[in-house]
Amino acid sequence: MLGCKQVLLLSASLLVAGCGGSVKPIGGAPNVRVVETAILPVPTSNDYRVPGRAYAIGPFDKLRIDVMGMPEFSLQEVQADAGGRFSVPLAGSIDAAGKTPEEVSLVIRDRLREGHVRDPRVAVNLLETVSQLITVEGEVEKPGLYPATGNMTLLSAIARAEGTTEFSNLKDVVVFRTVENQQYAALYNLAAIRRGAYSDPEIYANDRVIVGDSPQRRLFRDLLQVVPLITTPLVVALQR
């Protein structure tokens, strides 16, 4: 188990038994402080790519192509093939591999101009990328890597892995996330989420979800003696 020096931050709304007022640090843990939020920090763009470098489209990425005012040339969803190529009406086959969405929009624009479309305005948006993944492990039917989507939550991430197994401990779901080089871990109770005790948390690319009893839960063992995981999750920031 990690000691107190390895835990920097406990993030939880510790209004135990409905008591309000200010929240005090947990006694005997000088390196643990309580804050008023129980939400994991949201990753920034720098957590996904090299600073200053825009995202490059890769194989099997899903895109949306909008040609303003011309729905006949627009695509609500198109998936690049293994070589990073896809087709657009009139513009033909587009080689998008290694290009940014903005660069691809310019390629499509030029192709449409060649096809005698006057002043086409093209927008390319990334819908889903297999180069931005989440990991789902533990007591789920199909552990593995899954594409991250913009509206993914903890429950939908577990559903991607075809749900929990008959041996799953729904009180023990840990999510690991790194934001600005700081690693965080959060412990959730799926049963509490399903009852509406607290919100289904959002899941982002590079998150690691572990379902069921695991060594990772030991991070929270002493804290759970003070704070029941009923009305709020527990979030800790870890030293490297």
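Residues numbered from 1 in each chain as written. Predicted model: local features only at pLDDT ≥ 70, side-chain atom pairs only at ≥ 80, totals over all residues. Heavy atoms only, no water.

Digging into the overall build of the protein
Phase 1: In terms of regular secondary structure, the protein is built from four helices and twelve strands.
Phase 2: Counting across all 240 residues of the protein, residues that qualify as buried make up 43%.
Phase 3: Across the protein, the fraction of contacts at a sequence separation of at least 24, relative to all contacts at a separation of at least 6, is 58%.
Phase 4: Total accessible area computed for the protein in this model is approximately 12900 Å², and 50% of it derives from carbon and sulfur atoms. (Helix = DSSP H or I, 4+ residues; strand = E, 2+ residues; numbered from the N terminus. Buried < 20%, exposed > 50% of the residue type's maximum accessible area, 1.4 Å probe, protein only. Contact = heavy atoms within 4.5 Å. Areas by Shrake-Rupley, 256 points an atom, 1.4 Å probe, with all protein chains shown as cover.)

Here's the deal with the side chain of Asn189
Phase 1: Looking at the element boundaries, Asn189 is found in the loop between β10 (182-188) and α3 (190-195).
Phase 2: You can call Asn189 buried: its relative accessible area is 7%.

Structural notes on the nonpolar core
Phase 1: One finds Ile134, Leu154, Val173, Tyr188 and Ile203 to be the most contacted residues of the largest nonpolar core, which totals 26 residues.
Phase 2: Residue assignment for this core shows that the elements contributing at least two residues are β7 (122-138), β8 (144-149), α2 (154-160), β9 (173-179), β10, α3 and β11 (208-211).
Phase 3: Look past the residues within four positions of Leu154 in its chain and what remains in contact with it is Val173, Val175, Tyr188, Leu190, Ile193, Asp200, Pro201, Ile203 and Val209.
Phase 4: Counting 19 residues, the second largest nonpolar core, distinct from the first, contains Ile57, Leu63, Phe86 and Ala96. (Core = buried A, V, L, I, M, F, W, Y, C linked by side-chain atoms within 4.5 Å.)

Here we look at the pairing of strand β5 (residues 85-88)
In the case of a regular strand, side chains alternate between the two sheet surfaces.
Phase 1: Judged by which residues are buried, β5 turns out to be one-sided: Phe86 and Val88 face inward and are buried, whereas Arg85 and Ser87, on the alternate face, are not.
Phase 2: By the bridge criterion, four bridges tie β5 to strand β6 (residues 92-95) in an arrangement that is antiparallel. Looking across to β6, one finds that Arg85 is bridged to Asp95.
Phase 3: What sits between β5 and β6 in their antiparallel hairpin is a turn of three residues, with Leu90 showing a positive phi close to 70°. (Pairing = 2+ DSSP bridges.)

A look at the side chain of Ser105
Phase 1: With respect to the element layout, Ser105 can be found in helix α1 (residues 101-114).
Phase 2: Assessed through its relative accessible area of 8%, Ser105 is described here as buried.
Phase 3: Separated by 2.5 Å, the side chain of Ser105 and the backbone oxygen of Glu102 make a polar contact.
Phase 4: Excluding anything up to four places from it in sequence, Ser105 contacts Val122 and Val124. (Polar contact = N/O pair within 3.5 Å; in protein donor to acceptor, adjacent residues only side chain to side chain.)

Focus on the layout of surface pockets
Phase 1: Approximately 250 Å³ is the volume found for the second largest pocket.
Phase 2: As for the second largest pocket, its lining consists of 13 residues, and the residues nearest its centre are Ala38, Ile39, Ser199, Pro201 and Glu202.
Phase 3: Within the lining of the second largest pocket, the residues separate by chemical class into nine nonpolar, one polar and three charged. (1 Å grid on protein atoms, 1.4 Å probe; cavity = no way out; pocket = protein on both sides within 12 Å on 5 of 7 lines; lining within 4 Å. Points joined across faces, edges and corners; volume = space filled by probe spheres on them. Nonpolar A, V, L, I, M, F, W, Y, C, P; charged D, E, K, R; others polar.)

Looking at the pattern of salt bridges
Phase 1: Throughout the structure, instances matching the rule amount to eight salt bridges.
Phase 2: With its nearest N and O atoms 3.4 Å apart, the salt bridge here joins Glu162 to Lys142. With a gap of 20 residues between them, Glu162 in the loop between α2 and β9 and Lys142 in the loop between β7 and β8 connect regions that are remote in the sequence.
Phase 3: Owing to a relative accessible area of 47%, Glu162 belongs among the partly exposed residues under this scheme. (Salt bridge = Lys/Arg side-chain N within 4 Å of Asp/Glu carboxyl O.)

Examining unusual backbone geometry
Phase 1: Phi angles above zero are rare outside glycine, and Phe60 is one such case at about 70°.
Phase 2: Within the element layout of this structure, Phe60 appears in the loop between β2 (34-35) and β3 (62-67).
Phase 3: Owing to a relative accessible area of 42%, Phe60 belongs among the partly exposed residues under this scheme.
Phase 4: At Glu162, a residue that is not glycine, the phi angle is positive and equals roughly 65°.

Notes on the confidence of the model for the protein
Phase 1: When pLDDT is averaged along the protein, the result is 77; 70% of the residues meet or exceed 70.
Phase 2: A low-confidence stretch, residues 1-36 stays under pLDDT 50, and its non-local contacts, those more than four residues away or across chains, total 73 contacts. (pLDDT = per-residue confidence, 0-100.)

A short note on the environment of Gln76
Phase 1: The residue Gln76 is located in strand β4 (residues 75-79) in this model.
Phase 2: Gln76 gets classed as exposed once you look at its relative accessible area, which sits at 55%.
Phase 3: Put simply, Gln76 and Leu127 are 51 residues apart on the chain and 9.6 Å apart in space, counted from C-alpha to C-alpha.
Phase 4: Non-local contacts of Gln76, meaning those with residues more than four positions away in its chain, are made with Leu63, Arg64 and Leu127.

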